Amino acid sequence: MTVYGSFPGARPRRLRVNPAMRRMVAETRLHPADLILPAFVREGISEPVPIQAMPGVVQHTRDTLRKAAVEAREAGVAGIMLFGVPEDAKKDGLGTAGTDPDGILQVAIRDVKAEVGDELVIMSDLCLDEYTDHGHCGVLAEDGRVDNDATLERYAEMAQVQADAGVHVVGPSGMMDGQIGVVRDALDTIGKEDVSILAYTAKYSSAFYGPFREAVGSSLKGDRKTYQQDPANVRESLRELALDLEEGADMVMVKPAGPYLDILARVADEANVPVAAYQISGEYAMVEAAAEKGWIDREAAIAETLLGIKRAGASMILTYWATEVAQGISGSGR
């Protein structure tokens, strides 16, 4: 091909010529403070229990959870989201272990608070599914469906015991109508106005939750399609966003992250509060499984998925790779 003059004059490849150049002009960057580590703590175990569907992730003992929290803090991770896994014998129809001041989640909150204080934002899952013998996120009505308003009463109690335990942020995740307003009122009533609410605003009914069910020892039979969002819908998420903000959400979340980047971008454009995204168990498991097979470059895939979530508008990312990625960022000097 004959080249005339300076054709082509525009050469975007000039800004890709080497790693230093690419780093200098990067539009999106990950920082350890963008990351939140989800962690599971299981009652009645003396050693961590590996989660088979999530290689590298465990159900922690109280002791190993404290160590994980310290490791996350030292890596610069912003927060830790705690999920309690009670003994099966303590599960019942109302999820009473979830509102027991000495239940595993409340004990874990106190443990982590004693270990790291305010140097790591301590968050807690506010939902009943881990504690019910039917595995649903709320109280069941006689017809077997989740009773929205009866469930809200349980969420109010749960918020109060988590706040009393010392949590900084509660994360109502059950997708009950009105949950944010009820939780806010419950916290304010006991003088916990400083406890923040991270609303699971757009939580979709997803096939990618499978490994999480193992992680929390779920007793679920059936599905959650009557209260989690339909993957086909977009406007529904924006309606949920408006309601959560009106009810007092301090932060909002999209879950899952990767399959719903379009939703994340829409929420980020509309919200006037920080926006989180949860890179869930199935997203994690797919990368780990493909990497184990040698089909993809593990570290590159992790970085690419997280950059995609950040680029779509997330100011915070819940990811099981949080500590590992934060350590890598710090070690690289970026």
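The rules behind the values
Residues numbered from 1 in each chain as written. Predicted model: local features only at pLDDT ≥ 70, side-chain atom pairs only at ≥ 80, totals over all residues. Heavy atoms only, no water. Helix = DSSP H or I, 4+ residues; strand = E, 2+ residues; numbered from the N terminus. Rg over C-alpha atoms; globule rule 2.2 N^0.38 Å. Buried < 20%, exposed > 50% of the residue type's maximum accessible area, 1.4 Å probe, protein only. Contact = heavy atoms within 4.5 Å. Areas by Shrake-Rupley, 256 points an atom, 1.4 Å probe, with all protein chains shown as cover. Lys, Arg positive; Asp, Glu negative; His and termini not counted. Charge placed at Lys NZ, Arg CZ, Asp CG, Glu CD. Polar contact = N/O pair within 3.5 Å; in protein donor to acceptor, adjacent residues only side chain to side chain. Patch = residues over 30% accessible without salt bridge, like charges linked within 9 Å, V, L, I, M, F, W, Y side chains within 5 Å. Salt bridge = Lys/Arg side-chain N within 4 Å of Asp/Glu carboxyl O. Core = buried A, V, L, I, M, F, W, Y, C linked by side-chain atoms within 4.5 Å. Pairing = 2+ DSSP bridges. Right-handed = clockwise from strand over helix to strand, strands pointing away. Expected span 1.5 Å × (residues − 1). Arc of directions from axis to C-beta. Phe/Tyr/Trp six-rings, centres within 6.5 Å; stacked < 30°, edge-to-face > 60°.

(A) Spatial organisation of the overall build of the chain. Counting its secondary structure elements, the chain contains 11 helices and 10 strands. A globule of 334 residues ought to have a C-alpha radius of gyration of about 20 Å, and the chain, at 21 Å, matches this closely. For the chain, the spread of C-alpha atoms along the principal axes amounts to about 80 × 45 × 40 Å. Going through the 334 residues of the chain one by one, you find that 51% of them count as buried. Contacts in the chain between residues at least 24 apart in sequence constitute 75% of all its contacts with a sequence separation of at least 6. Of the accessible surface of the chain, which amounts to about 15400 Å², a share of 50% is contributed by carbon and sulfur atoms. Considering the chain, the positive charge centre built from 34 side chains and the negative charge centre built from 51 side chains are found 10 Å apart.

(B) Summary view of the environment of Asp230. Tracing the chain through its elements places Asp230 in the loop between α6 (210-215) and α7 (235-247). Overall, the relative accessible area of 40% leaves Asp230 in the partly exposed class. Residues Asp230 and Ser205, 25 residues apart in the sequence, show an inter-C-alpha distance of 6.1 Å. Not counting residues within four places of it along the chain, the set of residues in contact with Asp230 comprises Tyr204 and Glu236. Reaching out from Asp230, the side chain makes a polar contact with the backbone nitrogen of Ala232 at a distance of 2.9 Å.

(C) Geometry of a positive patch on the surface. A cluster of like positive charges, contributed by Arg11, Arg13, Arg14 and Arg16, occupies part of the molecular surface. With respect to the helices and strands, Arg11 occurs in the segment before α1 (19-25).

(D) The arrangement of the nonpolar core in detail. Membership of the largest hydrophobic core comes to 95 residues, with the highest contact counts inside it found for Ile80, Leu82, Tyr155 and Val252. Not counting chain neighbours up to four residues away, the residues in contact with Val252 comprise Leu198, Ala199, Thr201, Leu241, Leu245, Val267, Ala271, Val273, Pro274, Val275 and Ala276.

(E) Region of the structure containing the pattern of salt bridges. Within the structure shown, the criterion is met by 16 salt bridges. Here Glu324 ties to Arg298 by a salt bridge, and the two come within 2.7 Å at their closest N and O atoms. You can see Glu324 sitting in helix α11 (residues 322-332) and its partner Arg298 sitting in helix α10 (residues 298-312), a full 26 residues away along the chain. One network of salt bridges, with partners in common, ties together Arg62, Asp63, Arg66 and Asp111.

(F) Just the pairing of strand β5 (residues 121-126), in detail. Summarising burial for β5: five of the six residues are buried, a large majority. Pairing geometry for strand β4 (residues 79-85) and β5, over four bridges, is parallel. Looking at the pairing, Ile80 lines up with Ile122 of β5. Two strands pair when backbone bridges link them, and β5 and strand β6 (residues 169-172) are joined in this way by four bridges, in the parallel orientation. Across the sheet, the residue bridging to Ser124 is Val170, located in β6. As a crossover connection, the stretch from β5 through helix α4 (residues 148-165) into β6 is right-handed.

(G) Spotlight on α7. With 13 residues, α7 ought to run about 18 Å at 1.5 Å a step, and its terminal C-alpha atoms sit 19 Å apart, in line with that. Considered for burial, the residues of α7 that qualify are Ser237, Leu238, Glu240, Leu241 and Asp244. Burial along α7 is one-sided: seen end-on, the buried residues are contained in an arc of 155°. Looking at α7, the residues exposed on the side facing more than 90 degrees away from the buried face are Arg235, Arg239 and Glu246. Looking at the buried residues of α7, the elements they touch are α5 (179-189), β7 (196-203), β8 (251-255) and α8 (261-270). Just beyond α7, the residue with positive phi is Gly248, at close to 110°.

(H) Spotlight on the packing of aromatic side chains. With the rule as written, the count across this model stands at six aromatic pairs. Aromatic side chains Tyr204 and Tyr260 sit 4.2 Å apart centroid to centroid with 10° between the ring planes, which places their arrangement in the stacked category. Taken as a pair, Tyr204 in the loop between β7 and α6 and Tyr260 in the loop between β8 and α8 lie far apart in primary sequence, 56 residues in all. With respect to class, Tyr204 is no different from Tyr260; both count as buried. Centroid distance Tyr278 to Tyr320: 6.1 Å. Interplanar angle 50°. Geometry classified as tilted.

(I) Looking closely at helix α3 (residues 104-116). Counted at 1.5 Å a residue, the expected span for α3 with its 13 residues is 18 Å, and the 18 Å between its end C-alpha atoms agrees. Taken residue by residue, α3 has Ile104, Leu105, Gln106, Val107, Ala108, Ile109, Asp111, Val112 and Val116 as its buried positions. Those residues of α3 that are buried lie in contact with β1 (35-42), α2 (62-75), β4, β5 and α4. A positive phi of about 60° marks Gly117, the residue just after α3.

(J) Summary view of unusual backbone geometry. Here Lys255 and Pro256 are connected by a cis peptide whose omega angle stands at -5°. With respect to the secondary-structure elements, Pro256 resides in the loop between β8 and α8. The backbone of Met175 shows a phi angle near 60°, a positive value even though the residue is not glycine. On the secondary structure map, Met175 appears in the loop between β6 and α5. In this structure Met175 comes out as buried when scored by relative accessible area, which is 6%.

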